[in-house]
Every structure is written in C-alpha cells, then in structure tokens.
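# Geometric and topological summary
Each chain is listed here by its residues.
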Amino acid sequence: MLDLIGFFALYGALCFVVSAVLVRFVPDSVSARIIRKWLSAMLALPVLLIVDAFAFAASLSAAAMRGLRRLFEVISGRKLRSRSSMYFSYGSQPRQRRRRT
C-alpha cells in the first residue's frame, strides 16, 4: 500500500515538473494551454502529449499541402482556385440601402 502511495506521489511530482517545463518552453502547444487553464489537467500529461503529437502531425501535413499547392502552381503556371473564390458571384455587388420617403 505504501508503495502505491509513493508511486502516485512521484507521478504527481514528475507531472508537475514536466508540465511547468512544458508551459515555460512551449507555451503555444495544446497541452500547455490546457494546463494553464486547468492545472489539475497536468495529471493527464501523457494523454496531453499524445494530443500534442497529433497536432504537430496535422500542422506538418498542412505545411506539406501548402508546399504541394505552391509547387503545382509553379509548374502549371496557373493559380489554384480556393474555396472562397468558387463563390465569387455571391455578394459581389453590395446591396443598396432603401431610401425611406
């Protein structure tokens, strides 16, 4: 029983220290923002680090897609259409205000 209490005390202390270091050196990460908002979330640090890994992978894939889009534009000589440019006809002319008489 005493070993179990010692294990949880050590786990809590290590999570506290690693969370403080994480918030200090990587303040914009998902887990650092969650820990700053709810300090008790530091006990779920391994789960938060997995979430950070997924967020990092998503940002890398977004950067790779931007690079592929840019490379395609350079090779083809034409710009790709964005989602917002497909709807250019909607709202292209501002609505006129009605005059009250």
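Located above this text is the structure these notes cover.
This report concerns the structure included in the present document.

Thresholds applied
Residues numbered from 1 in each chain as written. Predicted model: local features only at pLDDT ≥ 70, side-chain atom pairs only at ≥ 80, totals over all residues. Heavy atoms only, no water. Helix = DSSP H or I, 4+ residues; strand = E, 2+ residues; numbered from the N terminus. Expected span 1.5 Å × (residues − 1). Buried < 20%, exposed > 50% of the residue type's maximum accessible area, 1.4 Å probe, protein only. Contact = heavy atoms within 4.5 Å. Polar contact = N/O pair within 3.5 Å; in protein donor to acceptor, adjacent residues only side chain to side chain. Phe/Tyr/Trp six-rings, centres within 6.5 Å; stacked < 30°, edge-to-face > 60°.

### Considering helix 1 (residues 2–25)
Taking 1.5 Å as the rise per residue, helix 1 with 24 residues should run 34 Å; its terminal C-alpha atoms sit 35 Å apart, in good agreement. Those residues of helix 1 that sit buried are Gly12, Cys15, Ser19 and Leu22. On its buried face, helix 1 is in contact with helix 2 (30–37) and helix 3 (45–76).

### Digging into the side chain of Ser29
In this structure, Ser29 sits in the loop between helix 1 and helix 2. Of note is the side chain of Ser29, whose polar atom sits 3.1 Å from the backbone oxygen of Val26. When near neighbours in sequence (up to four residues on either side) are disregarded, Ser29 contacts Leu22 and Asp52.

### Side note on the packing of aromatic side chains
In the structure shown here, the tally under the stated rule is one aromatic pair. With 5.5 Å between their ring centres and 65 degrees between their planes, Phe7 and Phe8 make a pair best called edge-to-face. The class of Phe8 is exposed, set by a relative accessible area of 51%.

Everything listed here is a matter of geometry and, on its own, says nothing about what the molecule does.
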